[in-house]
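# Chains, contacts and geometry: an overview
The lines below spell out each chain.
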Amino acid sequence: MTVEYKVQDGVALITLDNPPVNGLGHATRLGVVAGVARAADDDSVRAIVITGAGKAFSGGADIREFNTPKAAQEPSLHTVIRIVEASAKPVVAALHSVAMGGGLELAMGCHYRVTAPGTQIALPEVKLGLLPGAGGTQRLPRAIGLEPALNMIVSGDTVMSDALADSGLFDEVIDGDLLAGAIAFAQRAAESGKRPLLRERKVAHENAEGFLQFARNTVAAMAKNFPAPVKCVDAVQAAVQKRFDDGIQYERSLFIELMYTPQSRALRHAFLGERAAAKIPDVPEDTPVCKVERVAVIGAGTMGGGIAMNFLNAGIPVTILETKQEALDRGVATIRKNYENSAKKGKLTQEKVEERMARLTPTLSYDDIRDADLVIEAVFEEMGVKESVFKRLDEVVKPGAILASNTSTLDVDRIASFTKRPQDVVGMHFFSPANVMKLLEVVRGAKTSKDVLATVMRIAKKIRKTAVVSGVCDGFIGNRMIEQYGRQAGFLLDEGALPEQVDKAIEKFGFAMGPFRMGDLAGNDIGWAIRKRRAVERPDMTYSKTGDVLCELGHFGQKTGAGWYDYKAGDRKAYPSQAVNEMIEQHSRDLGIKRRKISDEEIVERLVYALVNEGAKILEEGIASKASDVDMVYLTGYGFPLFVGGPMLYADTVGLHNVLQAVRRYSKGYRGEAWQPAPLIERLAEQGKGFND
Ligand code: 3HC
Ligand code: NAI
């Protein structure tokens, strides 16, 4: 049963009970309709209260049912709301905790609404690439006025019920026992005999047309790759200009149109993918987790400082350890400077800055980190340095503490082997800047225990990271894939493209930044150092040498004022460099390659399919446990366009058969390991399936 029914003091109580958030799936919709019918037939019932069990009134339509036949099965949410509106006995919605999307729409179809304080109210459909499709765009403007309603619908943002107390949405805010208050309210409503409906109200605004035009322009500029926000404005405009029922019909048609857009599919994939990433197939949800109340960070450089800030922000004390006082002072000063900058921008009060800094203890002594529950190492990327640090940690830190490494390229199993407690060792691969970037790759060593993994996933949520589990391999999920992408970018230069064309093509596809602008930002010397190391480990590896030539010229990127592009002092804009372009052309001649005109389409295909093919190999090897994990890595760590949904979803959208054809085509005469088709793609393409099926 996903809906409970009982009668109390002459009031029928219909309680949505569909965990986790009372999504209005088919069975729940049926339950509400049955409850209203039962109440109608029962002479002892004078009014109805609809509420939700557990942690929500309702989180809206059941997202898990989207694109399944059940979503379209009657009674639709529209039908449910029509039945509620038509009830001869007054219906009161009693809101608490969360009332969102279809949940709020159902409440707005009721004759009255009462709420507990602190209820999160939202029409967040736009965040899923949709618009409220069960009357929300028509009823909310009638309830609270055009401007605040449009703001809520277009942003999808949550507003607390307290802020809406006098907005016209609620008939009463009940501080105390919500159910008792709602029942008393319903009894009074039955007494009054009134059954007011939001559909009967007019939309309030003095200059609706001017406001809507202004809103349309603003929204169109802000949401250029997403169709939903503008459609939200269209639908709200209908609330002003059309009859209620026509407005509802119009809203419905826009909702269905949006449901089938690739952008909505991508956003829904990302929403579910983020939650799915937190679930590790062989680690049960009730795996015991350890308390993490004290954190230690080893190394106060670029990464160590940013990593520490995450915990300080979340209220967790951090001890940061360095080898030399100077490095320690520099690291602490950088953390303070970052906070001060936030304060200057008005994002943080000075009081908060001091509060956070007070949680930070700098030290040069391992004695001060003995009691840490979690230690994160972020020292130089050299196995020898990692070895000495982990051996020392093993000696000093209390048993049961988690020992994590932020290594980006080294073997986590090897690092674990430096300790006598490999079960407590895990990779926590943060991305730079570590206090800003959402992604955290949690690298599961061969011996990492399940409770360590569960604890790290829990703590990741606390510091607001999107944590994705990766197995141990060179580069883990993200960097292993980007390696193939980067190599293709290099080959494209050798064959005839220039950095600007490659960057522009992939940025037009939607990437935040192309590979060459990105290299200049991060520092081309980082990749150069990795390539030198790899050249020793894997002399057979093929890659374009233009990047090496560039670094030999000292073009490390923005920090040296020159990289793939030229830079002017105090200006981050990339200007095409004639000297570099000539170097690239010379390099082609040296290789005996006749440069050709390369289309933007080929550039995008080669870069993105190189990611996809490697992603498929990563899945097949079990380095990532699901395709959506790979996509979450790319959406949150690599600037992959959210409106596309990640490389693996993109491949599904194009069709794996087509991806395979292209990979096979490139396997003939094009350089790079990227073009050995992943057996997983071959299998799925043959079965007519996608990665996400
Ligand atoms: N349907 C089904 N399941 C949902 C859901 C929904 N609408 N909303 C959340 N869930 C699930 C999540 O998938 C997650 O499941 P899991 O435990 O198996 O991973 C669980 O509820 C808890 O979700 P969160 O981790 O996000 O929990 P929080 O407590 O942090 O947040 C929330 C709860 C505020 C409800 C948040 O989940 C949220 O914002 N949900 C999306 C709400 C939404 O977009 N609703 C609109 C749906 S579209 C619609 O209603 C169409 C209509 O207009 C016709
Ligand atoms: P960094 O050079 O900025 O900082 C390293 C710090 O460690 C220095 O301050 C140094 O004094 C300190 N240190 C060195 N040996 C130490 C020891 N034995 N004990 C204590 N402190 C010691 O380097 P960065 O960039 O912060 O990198 C650190 C780690 O993070 C590396 O493993 C790197 O691969 C990884 N990483 C780096 C990313 C980046 O973008 N910079 C991204 C993700 C991971």
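Values in this document were obtained by computation on a predicted structure and should not be read as measured data. (Residues numbered from 1 in each chain as written. Chains lettered and ligands numbered in written order. Predicted model: local features only at pLDDT ≥ 70, side-chain atom pairs only at ≥ 80, totals over all residues. Heavy atoms only, no water.)

### Some words on the overall build of the protein
Assigned secondary structure in the protein consists of 28 helices and 19 strands. In terms of C-alpha radius of gyration, the protein reaches 29 Å, essentially the compact-globule figure of 26 Å for 693 residues. Projecting the C-alpha coordinates of the protein onto the three principal axes gives extents of approximately 90 × 60 × 50 Å. In the protein, which comprises 693 residues, the share counted as buried stands at 55%. (Helix = DSSP H or I, 4+ residues; strand = E, 2+ residues; numbered from the N terminus. Rg over C-alpha atoms; globule rule 2.2 N^0.38 Å. Buried < 20%, exposed > 50% of the residue type's maximum accessible area, 1.4 Å probe, protein only.)

### Overview of the UniProt feature "domain: 3-hydroxyacyl-CoA dehydrogenase C-terminal" (unreviewed entry) in the protein
The residues that UniProt annotates with the feature "domain: 3-hydroxyacyl-CoA dehydrogenase C-terminal" (unreviewed entry) are residues 475–567 and 603–689. Secondary structure content for residues 475–567 is 65% helix and 2% strand, while the C-alpha to C-alpha distance between its ends is 30 Å. Across residues 603–689, the secondary structure splits into 66% helix and 0% strand, with the terminal C-alpha atoms separated by 26 Å. (UniProt positions renumbered as here; feature names shortened; annotations may be inferred.)

### Points about the UniProt feature "domain: 3-hydroxyacyl-CoA dehydrogenase NAD binding" (unreviewed entry) in the protein
Under the UniProt annotation, the feature "domain: 3-hydroxyacyl-CoA dehydrogenase NAD binding" (unreviewed entry) is placed at residues 295–470. Taken end to end, residues 295–470 is 42% helix and 20% strand, and its two terminal C-alpha atoms sit 23 Å from one another.

### Details of the pairing of strand E14 (residues 402–405)
Along E14, one buried face is formed by Ile402 and Ala404 and the opposite face, lined by Leu403 and Ser405, is buried too. Here strand E13 (residues 374–377) runs beside E14; their pairing, made up of four bridges, is parallel. Each bridged residue has a counterpart across the sheet, and for Glu377 the counterpart in E14 is Ser405. Between the parallel pair E13 and E14, the chain is carried across by helix H15 (residues 383–396), and the sense of this crossover is right-handed. The pairing of E14 with strand E15 (residues 425–430) spans three bridges and is parallel. Bridged to Ala404 within E15 is Val426. Handedness of the crossover joining E14 and E15 through helix H16 (residues 412–417) is recorded here as right-handed. (Pairing = 2+ DSSP bridges. Right-handed = clockwise from strand over helix to strand, strands pointing away.)

### Section: the environment of Ala314
With respect to the helices and strands, Ala314 occurs in the loop between helix H12 (302–313) and strand E11 (318–321). Here Ala314 falls in the partly exposed class, since its relative accessible area comes to 27%. Sequence-wise, Ala314 and Pro75 are 239 residues apart; in three dimensions their C-alpha atoms are separated by 44 Å. Setting aside anything within four residues of it in sequence, one finds Ala314 in contact with Lys462 and Ile463. (Contact = heavy atoms within 4.5 Å.)

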